[in-house]
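Structure assessment
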Amino acid sequence: MTSHKADQLTGLGVVVQPVGHLLGLGLSALMIGAVLRLYEASGLIWVGTLAVTLHLAWAETAAIAVAMVWLIAVIWMAVLSSAMPHRAPMVDGRDWAMMLGKFWLLGTVYTLLMGYVGQSLAPWRLKRTFGFWLRLGVAWGALGLGATIRL
């Protein structure tokens, strides 16, 4: 009887874990879209973010290094331009640095989820192209939805 219950729990994990990873990916992409809108990111930043997401969806873990370089470049552009949200009150230097650190952490979580979610989808035995479109659809859809949020 115990092995039957263990099989049921394992079967449940095959469904729950990938769904949790996809939800985490969607939530992190939603927050990134909202942050890019809040900071009124340029078209170049949006196109680069969408291109890196496309590459991550296809190449998975092999694209993590490229995505991290993009993330660091965006954070450095924010640092060098002293980027501040246009509708936020002025903050001191420590708060500004903490915000940028949190954005870096958010981008890192998004990058790792995007890179590794394909492995958690493996038990579903999806075709590579379907898995690609699933990950890309969740990420791009959430980025776009996040861009519509007014903070």
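Residues numbered from 1 in each chain as written. Predicted model: local features only at pLDDT ≥ 70, side-chain atom pairs only at ≥ 80, totals over all residues. Heavy atoms only, no water.

Examining the environment of His 21
- Inspection of the secondary structure assignment puts His 21 in helix H1 (residues 2-38).
- Looking at His 21, the relative accessible area reads 27%, which means it is partly exposed.
- Ignoring anything within four residues of it in the chain, the contact list for His 21 reads Leu 113, Val 117 and Ser 120. (Helix = DSSP H or I, 4+ residues; strand = E, 2+ residues; numbered from the N terminus. Buried < 20%, exposed > 50% of the residue type's maximum accessible area, 1.4 Å probe, protein only. Contact = heavy atoms within 4.5 Å.)

Observations concerning the packing of aromatic side chains
- Taken as a whole, this structure holds 3 aromatic pairs when the rule is applied.
- Taken together, a centroid distance of 4.8 Å and an interplanar angle of 65 degrees make the contact between Phe 132 and Trp 133 edge-to-face.
- Trp 133 sits in the exposed class, given a relative accessible area of 54%.
- Through pairs of rings, three or more aromatic residues link up here, namely Trp 58, Phe 132 and Trp 133. (Phe/Tyr/Trp six-rings, centres within 6.5 Å; stacked < 30°, edge-to-face > 60°.)

A word on the pattern of salt bridges
- This model, assessed by the stated rule, comprises 1 salt bridge.
- Note that Arg 135 and Glu 60 form a salt bridge whose closest N and O atoms lie 3.0 Å from each other. Taken together, the residues span a long stretch of sequence, with Arg 135 in helix H5 (residues 128-147) and Glu 60 in the loop between helix H2 (43-59) and helix H3 (64-80) at a distance of 75 residues.
- Here Arg 135 falls in the buried class, since its relative accessible area comes to 3%.
- Among the residues examined, Glu 60 registers a relative accessible area of 18% and is labelled buried. (Salt bridge = Lys/Arg side-chain N within 4 Å of Asp/Glu carboxyl O.)

Observations regarding a nonpolar patch on the surface
- Residues Ile 72, Trp 76, Leu 80, Trp 104, Leu 105 and Val 109 make up a contiguous nonpolar surface patch of about 630 Å² in total accessible area.
- Elements supplying a minimum of two residues to the nonpolar patch: H3 and helix H4 (93-120).
- Secondary-structure assignment places Leu 80 in helix H3. (Patch = residues over 30% accessible without salt bridge, like charges linked within 9 Å, V, L, I, M, F, W, Y side chains within 5 Å. Areas by Shrake-Rupley, 256 points an atom, 1.4 Å probe, with all protein chains shown as cover.)

Re the packing of H2 against H4
- Here H2 crosses H4 at 35 degrees, and the two axes come no closer than 7 Å. Judged by residue contacts, Thr 53, Leu 56 and Ala 57 of H2 engage Tyr 110, Thr 111, Met 114 and Gly 115 from H4. (Axes fitted to C-alpha atoms, helices over the stretch in contact; angles between N-to-C directions.)

Some details on the confidence of the model for the protein chain
- Scored by pLDDT, the protein chain has a mean of 86; 83% of the residues are at 70 or more.
- Averaged pLDDT values for the elements of the protein chain fall to 78 in H1 and rise to 96 in H2. (pLDDT = per-residue confidence, 0-100.)

A look at the nonpolar core
- Within the largest apolar cluster, 27 residues are counted, with the highest numbers of intra-cluster contacts made by Leu 25, Ile 32, Leu 56, Tyr 110, Met 114 and Leu 143.
- For this core, the secondary-structure elements that each account for two or more residues are H1, H2, H3, H4 and H5.
- Aside from chain neighbours lying at most four places away, what touches Ile 32 is Leu 106, Gly 107, Tyr 110 and Leu 143. (Core = buried A, V, L, I, M, F, W, Y, C linked by side-chain atoms within 4.5 Å.)

Points about unusual backbone geometry
- With phi around 50 degrees, Glu 40 is a residue other than glycine that occupies positive phi space.
- Within the chain, Arg 125 stands out as a residue other than glycine whose phi angle is a positive 55 degrees.
- Along the polypeptide, Arg 125 turns up in the loop between H4 and H5.

Considering H4
- Under the 1.5 Å per step criterion, the end-to-end length of H4 is 40 Å for 28 residues, consistent within 8% with the ideal 40 Å.
- The principal kink in H4, of about 30 degrees, is found at Met 114. (Expected span 1.5 Å × (residues − 1). Bend = angle between axes of the 7 residues up to and from the residue.)

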